[in-house]
Amino acid sequence: MATTSTTKPIKCRAAVSRAGGEPLQIEEVVVAPAQAYEVRIKIICTSLCHSDVTFWRMKEGPMAVHPIIFGHEAVGTIESVGEHVDEFKVGDLVVPTFLAQCNECIDCASERSNMCSKLVFQIGHAMPRCGTTRFADAKGEPVNHFLCVSSFSEYTVVDVAHVTKVDPAISPEKACLLSCGVTTGVGAAWKVAGVETGSTVAIFGLGSVGLAVAEGCRLRGASRIIGIDLNPDKFELGKKFGVTEFVNPSELGERSVSEVIIEMTKGGANYCFECIGLASVMNDAFKSSRKGLGKTIILGVEMHGAPLCLESYDILNGKCVMGSLFGGIKAKNDIPTLVNKYLNKELELEKFITHEVGFNEINKAFDLLHEGKSLRCVIWMDK
């Protein structure tokens with residue numbers, strides 16, 4: 001059992017990655033007290049995101065940092081607060097997020113941006129303000145942070161700009177989903193694209209984020225939601241999230257995806273979402289959008305670092321491309337709204353949870369995701 005004190009270090013369990021691609025090790029770590037503008041959170045449950053797996057697999061390069069505590073999609077309660085923290089109190093139910101909202105910079109003040117310019121987004125391995133870690137292993141050696149959250153630990157320390165208070169009426173496993181993946185997809189439809197009632201939508205890639213986009217488009221009143229995926233099983237799954245039609249690129253013969261989408265929609269989709277992370281698919285999405293008003297929203301990070309090349313004539317014809325990090329969501333403003341949508345039975349979060357495991361079984365969550373068997377696996381700290 002973890003020992004706790006508001007002013008002293010806490011000893012607790014954490015799932016530590018010590019080598020790329022190797023199973024996480026459940027170890028005792030020491031979590032330092034929260035410093036100025038920080039809170040220490042007792043994690044209730046966390047879940048596994050593809051971003052965790054992507055960085056966990058890395059065995060070389062500047063991002064292959066070990067030892068490290070992964071995890072960035074979670075929910076917990078405030079255990080203690082550091083100096084200059086007025087926004088939270090002990091016991092508050094909160095979700096940590098990888099993207100900051102300081103509410104002080106020009107970008108946080110803008111309705112058009114969710115990219116805080118005071119605590120700039122980066123794949124950091126330490127606290128964002130001071131560059132030091134709050135974790136140490138049993139030998140006293142430092143352990144690195146991940147995406148300003150590190151939720152694969154019973155306790156973690158997070159900067160206040162990365163924490164949002166939520167209504168305790170929402171169950172923890174549902175709140176957990178709003179910390180990253182579901183919010184990213186729903187937000188892309190809501191905040192970035194601004195999908196309108198009666199719109200036609202094409203979603204390239206029906207993983208958890210793509211299905212969250214579909215859920216967002218359903219909430220926004222889209223009349224047609226076309227899912228594009230190589231896995232034929234995704235169509236039946238997609239129907240639960242509002243997908244109305246399905247295209248499998250492997251079954252089109254000589255025809256391109258964009259030709260089929262343009263024919264199906266009589267000119268192209270109003271909104272196209274790329275949720276895979278391949279420049280070739282981004283091009284397909286762009287070509288599938290309608291002249292004069294088509295928007296292509298890119299959610300996937302190009303996995304090979306390839307550039308995106310577009311025809312300038314199509315841009316002149318009124319098509320546009322938009323990037324979407326965290327779905328354009330300002331966490332402190334918008335996550336409480338999503339919580340209310342769930343509590344009002346509009347947003348259906350339970351559909352995303354396919355598995356639940358205890359903390360000691362965390363490596364099983366990696367296996368399930370690798371095997372393509374789970375959308376979101378909730379990892380409970382006390383089960």
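Whatever comes next refers back to the structure up there.
Residues numbered from 1 in each chain as written. Predicted model: local features only at pLDDT ≥ 70, side-chain atom pairs only at ≥ 80, totals over all residues. Heavy atoms only, no water.

Draft legend 1. Highlighting the packing of aromatic side chains. Summed over all chains, the structure comprises eight aromatic pairs. Centre to centre, the rings of Phe152 and Phe366 are 6.4 Å apart; their planes meet at 70 degrees, and the pair counts as edge-to-face. Here Phe152, found in the loop between strand E7 (142–143) and strand E8 (155–159), pairs with Phe366, found in helix H11 (residues 362–370); they are 214 residues apart in sequence, far enough to count as distant. Of the two residues examined, Phe152 and Phe366, each falls in the buried class. (Phe/Tyr/Trp six-rings, centres within 6.5 Å; stacked < 30°, edge-to-face > 60°. Helix = DSSP H or I, 4+ residues; strand = E, 2+ residues; numbered from the N terminus. Buried < 20%, exposed > 50% of the residue type's maximum accessible area, 1.4 Å probe, protein only.)

Draft legend 2. Here's a closer look at the side chain of Ser289. Tracing the chain through its elements places Ser289 in the loop between helix H8 (279–288) and strand E14 (295–298). According to the relative accessible area criterion, Ser289 is buried, its value standing at 1%. At a separation of 2.7 Å, a polar atom in the side chain of Ser289 contacts the main-chain carbonyl oxygen of Phe286. Apart from the residues within four sequence positions on either side, Ser289 is in contact with Gly267, Gly268, Ala269, Cys272, Gly294, Lys295, Thr296 and Lys319. (Polar contact = N/O pair within 3.5 Å; in protein donor to acceptor, adjacent residues only side chain to side chain. Contact = heavy atoms within 4.5 Å.)

Draft legend 3. Geometry of the sheet that holds strand E12 (residues 245–247). What the six strands build is an open sheet, ordered E12-E11-E10-E13-E14-E15; its pairing is parallel. Either end of the sheet is taken by a strand with one partner, and the two such strands are E12 and strand E15 (320–323). Mean inter-strand twist for the sheet, computed between neighbouring axes without regard to direction, equals 20 degrees. Direction of pairing for strand E13 (residues 271–274) relative to E14: parallel, over a ladder of four bridges. By the bridge assignment for E14, Glu274 is matched with Ile298. This element, helix H5 (residues 208–220), spans strand E10 (200–204), strand E11 (224–228) and E13 of the sheet and lies at about 170 degrees to E10. (Pairing = 2+ DSSP bridges. Axes fitted to C-alpha atoms, helices over the stretch in contact; angles between N-to-C directions.)

Draft legend 4. Representation of the pairing of E11 in the model. In terms of residue burial, E11 counts as a mostly covered element, since four of its five residues are buried. Relative to E11, E10 is paired through five bridges, and the arrangement is parallel. Paired with Val201 across the strands is Ile225, a residue of E11. With respect to chirality, the unit in which E10 leads through H5 into the neighbouring parallel E11 is right-handed. For E11 and E12, the ladder comprises three bridges, and the chain directions are parallel. Counterpart to Ile226 in the pairing with E12 is Glu245. In this region the chain leaves E11, passes through helix H6 (residues 233–239) and returns to the parallel neighbour E12; the handedness of that crossover is right-handed. (Right-handed = clockwise from strand over helix to strand, strands pointing away.)

Draft legend 5. Representation of the pattern of salt bridges within the structure. The final tally for this structure, using the stated rule, is 24 salt bridges. The residue Arg376 makes a salt bridge to Glu73 at a minimum N-O spacing of 2.6 Å. Note that Arg376 is positioned in strand E17 (residues 376–380) and Glu73 in strand E4 (residues 73–81), a separation of 303 residues in sequence. Residue Arg376 shares its accessibility class with Glu73, and that shared class is buried. Across the salt bridge formed by Glu87 and Lys332, the nearest N and O atoms sit 3.0 Å from each other. Here Glu87 is found in the loop between E4 and strand E5 (93–96), whereas its partner Lys332 is found in helix H10 (residues 331–343), with 245 residues between them in sequence. A single network of salt bridges, built from pairs that share partners, joins Glu215, Arg218, Glu348 and Lys351. (Salt bridge = Lys/Arg side-chain N within 4 Å of Asp/Glu carboxyl O.)

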